[in-house]
Amino acid sequence: MFRLEDLPEIDSELAERLKSAGLNHPLLLAVATAEHLEGCGLGRAEAIELMGKTREKLDIRFQTLREFADRIYQVSRISTGSRYLDDLMERGVETMKVTEFFGPAASGKTQLSQQLAVNVQLSEGEGGLGSEAVYIDTERGFSPRRIEEMARAKDLRPREVLRKIFYARADTVEGLFEMVRKAEKFLQDKSARIVIVDNLAGPFSAQFDRFRVHEKQVLTQKLLFRLLTYGEVYNAAVVFTNRVYSIPDAIAAESLHPFGGMVVDRSVHKKIMLRNQRQHRYLARDFRSDRETLFRIDEGGVSDL
Ligand SMILES: Nc1ncnc2c1ncn2[C@@H]1O[C@H](COP(=O)(O)OP(=O)(O)OP(=O)(O)O)[C@@H](O)[C@H]1O
Ligand SMILES: [Mg+2]
């Protein structure tokens, strides 16, 4: 893949300006908006031409961004620890895609997130990618003790497993954007192959009331697009968790809905709803196909029932 500076239209000064505006990769530039580029000091016509040139060099033309990335990289998969849950998601959590786990409190969202941060470290034969993980925590739900417990259950060295998880907290929307941006450096050198955000909705719900829905949607879409692009460019999995809200007057039995609605849906490849049944039993349902399966979470982490 070429760099921004490899385009004749971009000198080092412009490259710097683009990078500080968050457009640090040709793929991001190719799908930016003219307004975004105008913010970097380019005129409108210039901006449109530059995006066109970038797309040309990327050979995007009539292909979609995803098809382009598919050609270069191969999708890899990370096991959740449960074969049935993996099957529900077409053999595990995929790289280059965004996977959403949503559900009410105690439905297993954080447990699954932590399990994936451990499992990505396993060898390919064991369901991992032999890689590290980026974990962005917006609700202080991450537990190093729990990671150690899960590591021991997989016969991994607990300390080493913890060291291979790049952990960051984000309490605000700005903080979340910053951490996502910083995550890129761990993906760039190919050390990390998964970015986990638990919980994506948290900071948005805290900062935007119902009168600022549009602003919230625009920012959510931006964040997800950035995550998806990182996933595609660096062949990494993107996983985020999401809260649900209930519609009081819903007649349907299933009245729980994930935050974000259609804006989130567009960027998400798999959308899995979780429920805590009794004891160690958990239910996962593919939101789109309505297929479902049971799995287990116990002291050792996620496994089959
Ligand atoms: N060490 C453990 N052994 C067995 N089960 C555990 C262990 N730690 C947590 N759990 C189970 O995991 C469930 C909590 O799941 P989790 O923290 O993933 O919920 P969540 O969906 O993230 O909820 P929230 O929305 O509140 O963050 C609890 O019901 C608990 O029984
Ligand atoms: Mg949680």
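Residues numbered from 1 in each chain as written. Chains lettered and ligands numbered in written order. Predicted model: local features only at pLDDT ≥ 70, side-chain atom pairs only at ≥ 80, totals over all residues.

Trainee: What exactly am I supposed to notice about the sheet that holds strand S12 (residues 292–298) here?
Mentor: Read across the open sheet, the nine strands follow the order S5-S4-S6-S7-S3-S10-S11-S12-S13; overall the sheet is mixed. Sheet topology places strand S5 (165–169) and strand S13 (301–303) at the edges, where each strand pairs with a single neighbour. Here the average twist between neighbouring strands, direction ignored, is 25°. Sheet analysis places strand S3 (residues 98–102) next to strand S10 (residues 270–276), joined by four bridges and oriented parallel. In the sheet register, Phe 101 faces S10, and the bridge partner there is Ile 272. (Pairing = 2+ DSSP bridges. Helix = DSSP H or I, 4+ residues; strand = E, 2+ residues; numbered from the N terminus. Axes fitted to C-alpha atoms, helices over the stretch in contact; angles between N-to-C directions.)

Trainee: Looking at this structure, I do not really get the packing of helix H7 (residues 109–119) against helix H8 (residues 144–153). What am I missing?
Mentor: When two helices pack together, their arrangement is given by the angle between the helix axes and by the axis-to-axis distance. Interhelical geometry of H7 versus H8 gives an angle of 55° and a closest axis separation of 10 Å. With respect to each other, H7 and H8 are oriented oblique. Note on packing geometry: the crossing formed by H7 with H8 is right-handed. Contact with H7, carried on its side by Gln 114, Gln 115, Ala 117 and Val 118, involves Arg 146, Ile 147, Met 150 and Ala 151 of H8 and no other residues of that element. Here the residues of the contact of H7 with H8 are counted per class, giving five nonpolar, two polar and one charged. (Parallel < 35°, antiparallel > 145°, perpendicular 65-115°, else oblique. Left-handed = near helix turned anticlockwise from the far one by under 90°. Contact = placed C-beta atoms within 7 Å. Nonpolar A, V, L, I, M, F, W, Y, C, P; charged D, E, K, R; others polar.)

Trainee: Just to check I follow, could you spell out the site of ligand 1 for this structure?
Mentor: Neighbouring ligand 1 are 15 residues; Ala 105, Ala 106, Lys 109, Thr 110 and Gln 111 lie closest to it. Looking at the shell around ligand 1, the elements with two or more residues in it are H7, H8 and S12. Top contributing element to the shell around ligand 1 by residue count: H7, with three residues. Among the residues forming the shell around ligand 1, the class breakdown is three nonpolar, seven polar and five charged. (Near = placed C-beta within 6 Å.)

Trainee: Got a minute to help me understand unusual backbone geometry in this structure?
Mentor: Where the residue is not glycine, phi is negative for most of them; where a peptide bond is considered, it is trans in most cases. Of note, the bond from Asp 198 into Asn 199 is cis; its omega dihedral lies within 30 degrees of zero at 10°. Of note, Glu 90 is a non-glycine position whose phi angle comes to about 60°, a positive value. For Glu 90, the location among the structural elements is in the loop between helix H6 (83–88) and strand S2 (93–94). Glu 90 sits in the partly exposed class, given 14 other C-beta atoms within 10 Å. In the Ramachandran plot, Met 96 falls in the positive-phi region, its phi being about 70° despite a non-glycine side chain. For Met 96, the location among the structural elements is in the loop between S2 and S3. (Buried ≥ 20, exposed ≤ 12 C-beta atoms within 10 Å, placed from the backbone.)

Trainee: Any chance you could explain the nonpolar core here in plain terms?
Mentor: A general feature of soluble globular proteins is that nonpolar side chains tend to end up buried together. Ranked by internal contacts, the top residues of the largest apolar core, which has 76 residues, are Val 134, Ile 194, Val 195 and Ile 196. In terms of residue count, helix H12 (residues 213–234) provides more of this core than any other element does, eight residues in total. Both domains that furnish three or more residues to this core are identified here as domain 1 (4–62) and domain 2 (77–303). (Core = buried A, V, L, I, M, F, W, Y, C linked by C-beta atoms within 7 Å. Domains from an automatic or database assignment.)

Trainee: Explain the packing of helix H10 (residues 173–188) against H12 to me, please; I cannot follow it from the model alone.
Mentor: Running from amino to carboxyl end, H10 crosses H12 at an angle of 5°, the nearest separation of the two axes being 11 Å. Accordingly, the angle class assigned to the pair H10 and H12 is roughly parallel. Across the interface between the two elements, Val 173, Leu 176, Phe 177, Val 180, Ala 183, Glu 184, Leu 187 and Gln 188 of H10 pack against Leu 219, Leu 223, Arg 226, Leu 227, Tyr 230 and Tyr 234 of H12. A breakdown of the residues in the contact of H10 with H12 according to their chemical character gives 11 nonpolar, one polar and two charged.

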